[in-house]
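Here are the chains, one letter per residue:
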Amino acid sequence: MTAIKFCGLMRPADVRVAIDLGAAFVGAVFAGGPRTVTAQQARALFDGVSGPRRVGVFGDQSIDEIARVAEMAELDVIQLHADPTPEFVSLAKAATGLETWAAVRLANAIDQDNLQALASSADAILFDSRRDGALGGTGHAFDWGMLTNMLDQHREDRPRFILAGGLTPARVSAAIAAVRPDIVDVSSGVESAPGVKDPALMRAFVSAVRGAR
């Protein structure tokens, strides 16, 4: 079954809902934007979390800063979301000792050579929409068809694959049917305002994922 990550979490109540719904991952953003939290806030947010793994989303921070925040926030996974190079992924993974995801933000095409290089260094690849002036959480989807053939060709030799970008309770079933991700990542698609999750939308999202074919 496709695993679920709720990202951009800012309120303990929303974390509790994510846990109750069986999310595999809960995410906090350190990369800027309306959902950004500090390392101390994230540590408090995830205090006592058992079950879901704690993911930190980073932008253009240095390796040292990523390692400092990851330790202070007691993260399990780091997600690099500012077009990381394979070399940067490897350095971040070595500095933190944590599972490391690399985000690939798509507009009109996939750079196959870069993707293969990232796949050799990252534990998972996250595909998201590319939007000027924003690293993520924009609520915009990309053309899932760009991924279908490429992923089918590399099902056996690729790292885990995470789908983000414009997912909602209404869209996620079609997304899963189209590209069969290992994990789906949602933030704005279950919100009533930036950083404010709607429990009803969170439940509807989980129901749609579990009912996807």
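Calculation criteria
Residues numbered from 1 in each chain as written. Predicted model: local features only at pLDDT ≥ 70, side-chain atom pairs only at ≥ 80, totals over all residues. Heavy atoms only, no water. Buried < 20%, exposed > 50% of the residue type's maximum accessible area, 1.4 Å probe, protein only. Helix = DSSP H or I, 4+ residues; strand = E, 2+ residues; numbered from the N terminus. Arc of directions from axis to C-beta. Contact = heavy atoms within 4.5 Å. Pairing = 2+ DSSP bridges. Axes fitted to C-alpha atoms, helices over the stretch in contact; angles between N-to-C directions. Salt bridge = Lys/Arg side-chain N within 4 Å of Asp/Glu carboxyl O. Polar contact = N/O pair within 3.5 Å; in protein donor to acceptor, adjacent residues only side chain to side chain.

## Considering helix H1 (residues 12-20)
Thought 1: Here H1 has its buried residues at Asp14, Val15, Val17 and Ala18. Projected onto a plane normal to the axis of H1, the buried residues spread over an arc of 160° and lie on a single side. Seen from the open side of H1, the exposed residues pointing more than 90 degrees away from its buried face are Arg16 and Asp20.
Thought 2: Against strand S1 (3-6), strand S2 (25-29), helix H2 (39-45), strand S10 (196-197) and helix H8 (199-210) lie the buried residues of H1.
Thought 3: Positive backbone phi, at 85°, marks Gly22, one or two positions downstream of H1.

## Examining the environment of Ile19
Thought 1: Inspection of the secondary structure puts Ile19 in helix H1.
Thought 2: The exposure class of Ile19 is partly exposed, given its relative accessible area of 29%.
Thought 3: Measuring from C-alpha to C-alpha, the distance between Ile19 and Val49 comes to 7.9 Å, with 30 residues separating the pair along the chain.

## Looking at the sheet that holds S1
Thought 1: Reading around the circumference, S1-S2-S3-S4-S5-S6-S7-S8 is the order of the 8 strands in this closed barrel, with parallel pairing throughout. Shown here is a sheet whose adjacent strand axes are inclined to one another by a mean of 25°, direction ignored.
Thought 2: Relative to strand S3 (residues 53-58), S2 is paired through 5 bridges, and the arrangement is parallel. Directly across from Val26, in S3, lies its bridge partner Arg54.
Thought 3: Relative to S1, H8 is tilted by about 160°, and along the sheet it contacts S1 and strand S8 (183-186).

## What about the pattern of salt bridges?
Thought 1: Counting across every chain of the model gives 10 salt bridges.
Thought 2: Lys5 serves as the salt-bridge partner of Asp185, at 2.8 Å between the closest nitrogen and oxygen. Of this pair, Asp185 sits in strand S8 while Lys5 is found in strand S1, placing the two residues 180 residues apart along the sequence.
Thought 3: Look at Asp185 and you get buried, because its relative accessible area is 8%.
Thought 4: The salt bridge partner of Asp123 is Lys93, with a shortest N-O separation of 2.9 Å. One end of the pair, Asp123, is in the loop between helix H5 (112-121) and strand S6 (124-129); the other, Lys93, is in helix H4 (residues 86-96), and 30 residues separate them in sequence.

## Re the side chain of Thr2
Thought 1: Position of Thr2 relative to the elements: it lies in the segment before S1.
Thought 2: From its side chain, Thr2 meets the backbone oxygen of Pro181 in a polar contact 3.5 Å long.
Thought 3: Sequence-distant contacts of Thr2, defined by excluding residues within four places in its chain, comprise Ile176, Pro181, Asp182, Ile183, Val184 and Val209.

## Let's talk about helix H7 (residues 172-179)
Thought 1: Restricting attention to buried positions, one finds in H7 the residues Val172, Ala175, Ile176 and Val179. Along the long axis of H7, the arc covered by the buried residues comes to 95°, so they all point the same way.
Thought 2: In the stretch just after H7, Arg180 is the one whose phi turns positive, near 50°.

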